[in-house]
Amino acid sequence: MRLLIWLVLSLFSVDGFAQNKAAFVSGTVVDENDKPLPLVSIVILGKEAGLTSNDSGYFRIKVSAGKAIALIFSHTAYAQTQKNFYLSDNEEEKITVRLQRSGQLLETVIVTEERDRKEAGITKINPKNALVLPSATGGIEGLIKILVGSNNELTSQYAVRGGNYDENLIYINDFEIFRPYLVRSGQQEGLSFINPELARNISFYNGGFQAKYGDKMSSVLDVQYKKPTAVGGSAYVSLLEQGFHLEGTARNNRLTYLVGVRNRSNRNLLSSQETKGAYIPSSSDIQANVSYRLSNKVQLEMLANYSSTSFTLVPETAEKTTSVFSPLFSANLGLDIFFEGRERSTYNTGMIGLSTVYQPNKRFRIKGMLSRFQNKETENFDIAGSYLFGDRDFDNTSSTFGQIINPLGAGYYQNYGRNQLSITVLNAAIKGSIDQGKHFIQFGNSIEQTNIEDQLYEWEYQDSAGYSLPVNTGNLSKIVSSSADLSIQKFSGYVQDNISFTNSKREITIQGGIRYNYNSLNKEFFISPRMQASIKPNWKKDVIFKIALGAYNQPPFYRELRSYDGKVNPGVRSQKSYQAIAGLDYNFAAAARPFRITMEAYYKALRDVIPYDLDNVRVRYFGSNNAKAYAYGLESRLYTELVTGAESWLSIGLMRTKENIEGDQFHQYQNAAGETISSGTVDKVPTDSISTEVGWVRRPSDRLITMGLFLQDYLSSNKNFKVHVSILYGTNMPYNIPNSVKYRNALVIDPYIRVDLGFSALLLGDKANRRSHSPFKNFENIWASLEVFNLIDRRNTISYQLVKDFSNAVYTIPNRLTPRLVNLKIVARF
């Protein structure tokens, strides 16, 4: 009997001991954009009691060990998610749980922040879309180019609403970012500064931005990097780029870190260019973003980056072709070039930024910032080419197929350059905010020291059909020989107030601010008032109306100071503009899908404009404020989801921009009979001339229509197979004839059309169904992608090469971009 009782008690004891075996599950709950989600309910399946995630989305729950259990994650605005586990005694598994928004809340899928809809000119960009975008350059800028248009797939630079590449501001964690300046073509570019794997929040303003942003005329890209809440990372490899990133926390979440490493080579892209030869492009960078919370009121942060890019080209031959058709004739003109020499360029960039945030309470916040940016660039080229120009045989049955059969011209040219540039920017800034309920006051001030040292020496020699240009043999043309050593101090600051009014009929938001800037280079001081306002009527339809007015002035930095001959003009003044924007934002649901339409009309009046020419990505200024200009247009975008959780959009823009340069006159000559003749005509001697002003002409960025489409879709029965489409279209753009006043920007570059397509397949997913001891247990997912760049195989034109025939007539031969290319990519997240 005693033995029986002892056995029963032993069984209960063993059972009780087994029940005391415990394990833990901890981690972070985030939304589709990796933003932490607080107040998410976490309950063990079959039990009523549980816990909720904290303000950082963090949770840690005790579960039974040695048995299968399931956790249920639920939130009122998100679809419920179940995760399954089987853990050993004292084991702790760390996870990241992503919740998808409930399909019943259609109106909230597209609009993530109501306040963003009330700002004029703003577009919120999901960094996850940059990771799946099929694009030759990819990244955040690839998405922006779909919004604003593009004419060059090899560059990450973009032009906004009639501006150029130098008119855009870029911030990362409130630090201003700069680009290399000696780059002449997209093929020389390396990695963009912005690493999309590290990005959390992206705001793009294409005009009408607030006073808190700096002194440029076109756009602002404001990027905030992640604040990790758990350990994780990613790694990817493709034919063009490889990289990885790590993120995590330590010291009880007081320390957070982000580290990203990338390497890119465009050799596969460039090997199919018209110019054949040895391409050796390489670009690598490393970035780190570290923050440490000293207390609940004080936080320290560091952002650091080092990037090294080199481009080497040893050209061999080039075969270029253009087709000319008219009612009178049709011709296929070809240009064959045989090269000798080489080109090598290097661009090294280093940046470090330190900041301290002090927030004693929820209403007051102040941030002190120190940063140092350094850019060192070298450009060395000595390339000579012998060319033959004429009609090319396109009859594939002919023995001379592909050859020039009717020579129209021949010659020799040589381009030589030895250029160096060093730029150092030191900046100290302070910015803060005061929240007073209906008033949200922001203020800031900065001091900046810029040191620029450069040494430029380049020239060009041409010999056309035995006649050197200039006429005397051995003379050189387009000689640039100069140096600069500039020290510039800039002082700037702002104050602005965001005011909210709400009643039963409407919601009104007003953002009014003023900005000042002083530049020691030209001793120029100016004040820029800016104002934005929105009104949301209390209608059944969700519509917001917006306007923005303001002055946007851009002090010269580096390239604006140099004229074509390389001389530096320190007296160049700031370019100035007044801008007006009116638009609306309409959010609705139709056909069981969310939709959002935004529309903005804008007008820019510009004065003290520095005219420029655009050759590929090289912006060459006139070096003087001798023009005025204007730009106006209309932009509309439609956002929707063809399938739940996959955002797509269509962007359409209409725009016209023109300039009027002072003193741009040309002479028309007349003979004794009053007939207009060409100067120097042998049989007719000019006796008089008429001076004619050119007047308003198209600016280099003028493009009437732009259209961009970003499309995401997946099988309704299987989300593991996805397709991504990017389409860009832009009507023709002007191109300048060098040294021509009468025909400035008279050449036309054909419309830009490009289609990129990507397919993705999930190789490894559903982490919840994997055993805890699986070798892949720490991987969230692994995806494989197949990308087809330039699906329609259209070789767009980026610029022209001008050649002369034996009679000294000038012909234009297009320089074309990349053909169709296939890229493979594998991405793993853990």
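Asker: Can you lay out the pattern of salt bridges for me, pointing to particular residues and giving the numbers?
Answerer: All told, the structure shown has 35 salt bridges when counted by the stated rule. Between arginine 161 and glutamate 600 there is a salt bridge, with the nearest N and O atoms lying 2.8 Å from each other. Of this pair, arginine 161 sits in the loop between α5 (139-148) and β9 (168-172) while glutamate 600 sits in strand β28 (residues 593-609), placing them 439 residues apart in sequence. There is no split in this pair, since arginine 161 and glutamate 600 are both buried. Here arginine 699 and glutamate 659 are joined by a salt bridge, their closest N and O atoms 3.4 Å apart. Separated by 40 residues along the polypeptide, arginine 699 in the loop between β36 (696-698) and β37 (705-715) and glutamate 659 in strand β32 (residues 646-661) bring together distant segments of the chain. Look at arginine 699 and you get buried, because its relative accessible area is 1%. Classification of glutamate 659 by relative accessible area gives buried; the value is 0%.

Asker: If you had to explain the sheet that holds strand β10 (residues 175-176) to someone new, which residues and values would you point to?
Answerer: Taking strand neighbours across the sheet as the criterion, the 5 strands line up as β8-β11-β12-β9-β10 in an open arrangement whose pairing is mixed. The sheet is open, and its two edges are formed by β8 (122-125) and β10, each paired on a single side. Sheet topology note: the β8/strand β11 (residues 199-205) ladder contains 4 bridges and is antiparallel. Note that in β11 the partner of isoleucine 125 across the bridge is isoleucine 202.

Asker: Residue-level account of the side chain of arginine 515, with values.
Answerer: Mapped onto the fold, arginine 515 is located in strand β24 (residues 506-519). Polar contacts involving the side chain of arginine 515 include one to the main-chain carbonyl oxygen of alanine 211, which spans 2.9 Å. Among the polar contacts listed, one links the side chain of arginine 515 to the side chain of aspartate 215, at a separation of 3.1 Å.

Asker: With reference to specific residues and values, describe a nonpolar patch on the surface.
Answerer: Where nonpolar side chains cluster on the molecular surface, the patch consists of Leu239, Phe759, Leu786, Val822 and Leu824 and spans about 430 Å² of accessible area. Mapped onto the elements of the fold, valine 822 is located in strand β45 (residues 821-829).

Asker: So what about the environment of arginine 698? Which residues, and what values?
Answerer: By the element assignment, arginine 698 lies in strand β36. If we skip the residues at most four places from it in the chain, arginine 698 touches Arg656, Thr657, Lys658, Glu659, Asn732, Met733, Pro734 and Asn745. Side-chain polar atoms of arginine 698 contact the side chain of aspartate 702, separated by 2.5 Å. Looking at arginine 698, its side chain comes within polar contact range of the side chain of asparagine 732, at 3.1 Å.

Asker: I'd like to hear about the sheet that holds strand β7 (residues 92-98), residue by residue, with values.
Answerer: In a beta sheet, neighbouring strands pair by backbone hydrogen bonds and run either parallel or antiparallel. With respect to topology, 3 strands assemble into an open sheet ordered β4-β1-β7, the strand pairing being mixed. With partners counted over all chains shown, the strands left at the sheet margins are β4 (58-64) and β7, one partner each. Looking at each pair of strands side by side, their axes are set apart by 25° on average, direction ignored. The sheet contact formed by strand β1 (residues 22-30) and β7 spans 7 bridges and is parallel. Within β7, the residue paired with threonine 28 across the bridge is threonine 96.

Asker: Help me get a handle on the packing of aromatic side chains, residues and values and all.
Answerer: Two aromatic rings are characterised by how far apart their centres lie and by the angle between their planes. Within the structure shown, the criterion is met by 26 aromatic pairs. Consider the rings of tyrosine 279 and phenylalanine 311, whose centres lie 6.4 Å apart with planes at 55°: the pair is tilted. On the criterion of sequence distance, the pair formed by tyrosine 279 in strand β16 (residues 275-293) and phenylalanine 311 in strand β17 (residues 298-325) is long-range, its members being 32 residues apart. Grouping residues by exposure puts tyrosine 279 and phenylalanine 311 together as buried.

Asker: Tell me about the pairing of β32, residues and numbers included.
Answerer: Where strand β31 (residues 627-643) lies against β32, 16 bridges are found, and the strand directions are antiparallel. Bridge pairing in β32 links tyrosine 630 to lysine 658. Here β31 folds back onto β32, and the loop between the two strands holds 2 residues, one of which, glycine 645, carries a positive phi near 85°. As defined by bridge partners, β32 adjoins β36 across 3 bridges and the pair is classed as antiparallel. In the sheet register, glutamate 659 faces β36, and the bridge partner there is valine 697.

Asker: Let's hear about the side chain of glutamine 210: which residues, and what values?
Answerer: Relative to the helices and strands, glutamine 210 is located in the loop between β11 and β12 (219-225). Its relative accessible area of 4% is what places glutamine 210 among the buried residues. Residues contacting glutamine 210, with those up to four places away along its chain left out, are Glu119, Tyr205, Gln442, Gln496, Asn498, Gln511, Arg530 and Gln532.

Asker: Describe α5, and please don't skip the residues or the numbers.
Answerer: Most of α5 is tucked away, with 10 of its 10 residues classed as buried. Among all positions of α5, only Gly139, Ile140, Glu141, Gly142, Leu143, Ile144, Lys145, Ile146, Leu147 and Val148 are buried. Positive phi shows up at glycine 149, right after α5, with a value of about 95°.

Asker: Provide a residue-level description of unusual backbone geometry, including the pertinent values.
Answerer: Phi angles above zero are rare outside glycine, and asparagine 616 is one such case at about 60°. Along the chain, asparagine 616 turns up in the loop between β29 (612-615) and β30 (618-621). One non-glycine residue with positive phi stands out, namely asparagine 745, at about 55°. With respect to the secondary-structure elements, asparagine 745 resides in the loop between β39 (733-735) and β40 (747-749).

Asker: Can you tell me about the environment of arginine 179, naming the residues and giving the values?
Answerer: The residue arginine 179 is located in the loop between β10 and β11 in this model. Not counting chain neighbours up to four residues away, the residues in contact with arginine 179 comprise Glu141, Ser156, Gln157, Tyr158, Ile170 and Asn375. Among the polar contacts made by the side chain of arginine 179, one reaches the side chain of serine 156 at a distance of 3.3 Å.

Asker: I'd love a proper account of the confidence of the model for the protein, names of residues and values included.
Answerer: For the protein, per-residue confidence averages 85 on the pLDDT scale, and 89% of positions sit at 70 or higher. Below pLDDT 50 for its whole length, residues 1-19 participates in 0 contacts with residues either more than four positions away or in separate chains. The low-confidence segment residues 466-474 (pLDDT under 50) makes 16 contacts with residues lying over four places distant or belonging to another chain.

Asker: Account for the nonpolar core, naming residues and giving values.
Answerer: A general trend in soluble globular proteins is that nonpolar side chains are found buried together. Judged by nonpolar contacts, the single largest core of 73 residues is most densely connected at Phe204, Leu221 and Tyr225. With 6 residues, α5 is the single largest residue contributor to this core. Residues Val25, Val29, Ile61 and Leu99 belong to the second largest nonpolar core, which totals 21 residues.

Parameters at a glance
Residues numbered from 1 in each chain as written. Predicted model: local features only at pLDDT ≥ 70, side-chain atom pairs only at ≥ 80, totals over all residues. Heavy atoms only, no water. Salt bridge = Lys/Arg side-chain N within 4 Å of Asp/Glu carboxyl O. Helix = DSSP H or I, 4+ residues; strand = E, 2+ residues; numbered from the N terminus. Buried < 20%, exposed > 50% of the residue type's maximum accessible area, 1.4 Å probe, protein only. Pairing = 2+ DSSP bridges. Polar contact = N/O pair within 3.5 Å; in protein donor to acceptor, adjacent residues only side chain to side chain. Patch = residues over 30% accessible without salt bridge, like charges linked within 9 Å, V, L, I, M, F, W, Y side chains within 5 Å. Areas by Shrake-Rupley, 256 points an atom, 1.4 Å probe, with all protein chains shown as cover. Contact = heavy atoms within 4.5 Å. Axes fitted to C-alpha atoms, helices over the stretch in contact; angles between N-to-C directions. Phe/Tyr/Trp six-rings, centres within 6.5 Å; stacked < 30°, edge-to-face > 60°. pLDDT = per-residue confidence, 0-100. Core = buried A, V, L, I, M, F, W, Y, C linked by side-chain atoms within 4.5 Å.

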